[in-house]
Structures are given as structure tokens and as C-alpha cells.
Amino acid sequence: MAGHCPSVRSLADLERVESLWVLPKGATRPSGIEAVPDPSGLDLHDEAVRHLTSGGFTVWKCALSPGAPWPAGLEAAFPVYRVGGKTGCLVLGTRGLTLHLATTSVSEARRVLESLSLVPGRRYRFGPHAWAATIPAKEHDPVAFAARLAKGRPAGVLAVSPVLVWPGARREDCYQKQWQHHGRNPGTLTEVTVDPTDHAFVEQAWKIFPAPRGRGVRIAVIDEAFVTEKVNGELEMTHPNLKDAVLPATSGGFFPTSSGPVAFVPGIGGLSPSGAEQFHGTRCAGMVAARPSGKCACSGVAPAADLMLYALGEKVTCESMAAAITCAAEPALYFDDAAPGDGADVLSISYQCPAWVGEVFPPATIEDVHPVLQALRFAASCGRQCRGCAVLYAADNREVPLTDDVVTQSPHLMVVGQSNPLGKSGDAYGAALAFVAPGSSVYVTSSGDDCGCYWCDVATGTSYATALAAGIAALVLGLRPRLSATGLKKLLLASCDQVGGVTYDEAGHHPYYGFGRINALTAVKRALRIFWRPLLPL
């Protein structure tokens, strides 16, 4: 799909689209090349062309033979490559290369780069061995040049990769309405006035380290239900922004039966039980990891992460919620085909736990017998191969003390409140509140027609703030996959901005704001500083 560019694992995965170049719209046409009047006539699929032309580029054709001089001005153009065959996405080549060198010496690095006929650039902050360089001016095909360079395995070079531009990274329409990512207000939400700093700085976090975006991270979303549709008699996840993100082999539903025990329905068939509201779960899942598609440019915070979805239906018990948490942490307990360790890294729970009533006999405590508290303890001790699952849990939308919900007192989760575009918060409060995140009048995936594309709309609640925070946790784990749940929690709490114009206590906490509003950019910087502290100041 054009909205999601697959990972390029080898330079051989890139296919050069012969004689095709693109220039930024409005650029002066270089001599010697002609415009393509109708890009749909090219040997490219329609969605790829739409992304290319709507991303701020004009398509040109130019025949260049190897070694021929470049037409004047062609240095401003980008060659086009295709990933994944004819139906794959398009990426643009630049004249830049990224090289990882064996040495950390600046002078030695420059010597190595110059010996390869490269123009040395700056050392990247994300790694002491990573350097930027520019290919020779006579080269027409940067990917082919990088492939030749890699084939020779030059001494002192650990890796080489061309710097590629993905046209899909420039999103419009629905994405521009997602103020929670970037703080811009295009005027489509007339009831919302967005302060330039009242957002989660997600777009800035993508820019500082764009590649992972949660890739390799599994996020479990536990909710009422999710939008599915029957296709050829079988239920399928049909939402274009979610269908490629969901892992059906480890998703399912947990529903109480009339006789008491929890019934487990594996796969997509368990995601939309009869009578359940499907849009809430769809919105939360999209806030976490929606992949922009040709039909809707709405993006999740971690659009490269994978989703494990668990529906609880309109009737939920502590046992069914506990079962879903346990399955998310270790699917092998419920799925015969799942391997140990296939569980989620992050859990996003935007469904309030029902009240638990029972007799507790000493020396046992409620923490020892409450099903959800037991499941959270299991996830913390056994999830992620004993590194612990990070659990984000939505605070009540009402202004009530968090102590009303015993689950919020668990040390194994982070309770999330919502902030609106003006930084305020008015939901549950107390010492257990970890932080707030944008959740008021946010644009999320759904199945309404508020924006004209049918696939997204406006929503408000701590549910969406929690899902956004889960996406930020995935961005961090995409960079630091071995970080423990405890370490991740400390990092996220330290990445909050003290907002609200109120006084925080000596520990930096406020009952209505927790440790402040979560900041994705600061979280990603802190994740990178774990290894390279001197190179990336906060």
C-alpha cells in the first residue's frame, strides 16, 4: 500500500524506474528533460503515483546513459525507485549516503571517505560511527553507486546505505488535522484553538530518528470491539489504516459466558462481538499504530508497529480483562501456534475495569486475588521474556479520585489522563496519575464521514490519550528494545513537560497532571542518550 513503505533490507530490493525523476513543485525545469503530462500513464500503480504527485513533486523524464554529463540543474532532481515490485511504494534517491565506519576518529573517518571518492559530511548524532557523505557529481544512480561500494567491502566501513526520501512521509488532508502530532491547526476544527506547544511533539520525534517508528514493537490494544466486515463469508479487518498493522494470529476476543467462565474466540472473528460498539477500539488502535493509506492520511504515533487486538465486548468481567492481559503478555498460553515470547511489548487499556467484590482471607491481600492485579503482575514479571510489559491504563473521564479504582494503584501500569489543545486536564486525579497526553478533540481513525474520506473523525477522552502514550512507548522501544518495563516507565516520566500553570510538588508531580504532559521528542532523545550521551543534548 502506498501509505506504508516497507523496510528495505537490501539494496537489491530497490528497483530503479528508468529515466524517471521528480523535482519539487515550482522548481525551474532543467534543460534536457521533459515533463510527464500524465503520470498515471507510467508503469506504476495508481496509489503510488498519487502519493508521488501529492507529496509536493512534479514528475519528469530524462534519458541518461552511464557516464554522460548531467543536464544543467539536474542536481536538484531525485531519481525514483520502487520497493516491492510493481505494487510497491516509491522512494526517491538523493545524493547522500550514510556510512558506519570502524573508527571514531574524525580525521581517520574523513580519510576513509575521501579514499572512496566521497565528499565527507558531518557525523550523525545518533551514533559515533555514523557519517554523512555525498556521492561524486558524475554519478546518476546513487543506489547503484552504493551497491558497488558495498560489493567491494571497503576497509574500515561497517555499513553503507543511500539516503532515501519517502514521498508518503508528507501527508495532507486528515494528517494535517492531527494537531496532537504536530500542533498545527489547519482551520478544519473550528471549535479547537491549538497553541503551538500544546501537543505531544510526535512529528519532531519522527524527524530526529525517522526510521524505526515502532518497527519490531508489538502493541496490544484491549477494548470493547473493533471494526470488521464480512468478505466472502469471512470476517476481515477492513479499515485501510489498520488491516496491515494487525496480527490476526495473536488477536482475539474474551467474553464472559452465562455460566461464568470466559470464552475465548481467536483471530479476527473475535474482534467484533454482536451488540458491541466497534468504533472506540478502532479509534484507540489507530491512535497507536495506524498506517497512512491512499484513502486516509491519518497516522498513528508508531505507524510501523504491529497491533495485537483483544475485544472484551459490551459485557466485561475482571476475569475476561485479566485473561486478555495475560494473553497479550504471553499468547502461547492461548494460541497453539504461538511461540513463547510472541507477546506484546506494550499494552494499551482504554476500557475501565469493572468492580471486583470478594472476601479476602489473611494473610492474603486484594493484590493477591484480584484477577486484573494478578494479570498485571504476570505481565510485569513474565512478559517480554521477563523484561516486563509496559502497560498504559486510561484514567476515568470524570473528575473523581483515582483511588476509586483499585487497579490504578498497581505499580505495574501507568495511568494516563488527557490534556486538551490548551494544555488543561479535568478527569480523574490523584497520586497514581503518571502523566497526561493530548486526548481532547483529537483526529483518529474511525468509520464516520467528518473529514470527507469516511475513515477518521474527531474524538475526546482519556482513552485516546492513553493510546497516544502507548505509541510513544513503542517509539522508545523501537530504539531500545531491551529496555525493561521499569526503565521505560522512568524514561517516560522523565520526558514530561510540566504544563497547566500549576505548582508541582518536590517530586515533580501534580494530582491533576501527574508528572506533566508526555513529550515524544524528549522521550526519543533520552532513549538515544542511553548510548550516546555526549552527542545528543536534550
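Residues numbered from 1 in each chain as written. Predicted model: local features only at pLDDT ≥ 70, side-chain atom pairs only at ≥ 80, totals over all residues. Heavy atoms only, no water.

Caption draft 1: Structural context of helix H3 (residues 142–151). If you check which residues of H3 are buried, you get Pro142, Val143, Phe145, Ala146 and Leu149. Down the axis, H3 shows its buried residues gathered within 160 degrees of arc, on one side only. Capping the start of H3 is the job of one residue whose side-chain oxygen sits 3.2 Å from the backbone nitrogen of valine 143: aspartate 141. A positive phi of about 40 degrees marks arginine 153, the residue just after H3. (Buried < 20%, exposed > 50% of the residue type's maximum accessible area, 1.4 Å probe, protein only. Helix = DSSP H or I, 4+ residues; strand = E, 2+ residues; numbered from the N terminus. Arc of directions from axis to C-beta. Polar contact = N/O pair within 3.5 Å; in protein donor to acceptor, adjacent residues only side chain to side chain.)

Caption draft 2: The confidence of the model for the chain, seen in detail. Here the chain shows a mean pLDDT of 79. Residues at 70 or above account for 75%. Considering each helix and strand of the chain separately, the mean pLDDT is smallest for helix H1 (residues 46–54), with a value of 57, and largest for strand E15 (residues 346–349), with 97. Counting contacts from residues 449–453, a segment whose pLDDT is below 50, to residues more than four positions away or on other chains yields twelve contacts. Between residues 531–538, whose pLDDT stays under 50, and residues either more than four places distant or in other chains, the model counts 21 contacts. (pLDDT = per-residue confidence, 0-100. Contact = heavy atoms within 4.5 Å.)

Caption draft 3: Up close: the nonpolar core. Leu307, Leu309, Val346, Leu392, Phe435, Ile472 and Leu492 are the most contacted members of the largest nonpolar core, which totals 63 residues. Residue contributions to this core peak at 13 residues, all from helix H11 (residues 462–479). Beyond its immediate stretch of four places on either side in the chain, leucine 309 contacts Val221, Phe226, Met237, Val246, Ser251, Gly252, Leu271 and Ala285. Membership of the second largest hydrophobic core comes to 43 residues, among which are Ile222, Tyr393, Tyr504 and Tyr513. (Core = buried A, V, L, I, M, F, W, Y, C linked by side-chain atoms within 4.5 Å.)

Caption draft 4: Just unusual backbone geometry, in detail. The backbone of arginine 153 shows a phi angle near 40 degrees, a positive value even though the residue is not glycine. In this structure, arginine 153 sits in the loop between H3 and strand E8 (157–165). Residues other than glycine seldom take positive phi values, yet cysteine 386 does so here, at roughly 75 degrees. Position of cysteine 386 among the secondary structure elements: in helix H10 (residues 371–386). Cysteine 386 sits in the exposed class, given a relative accessible area of 59%.

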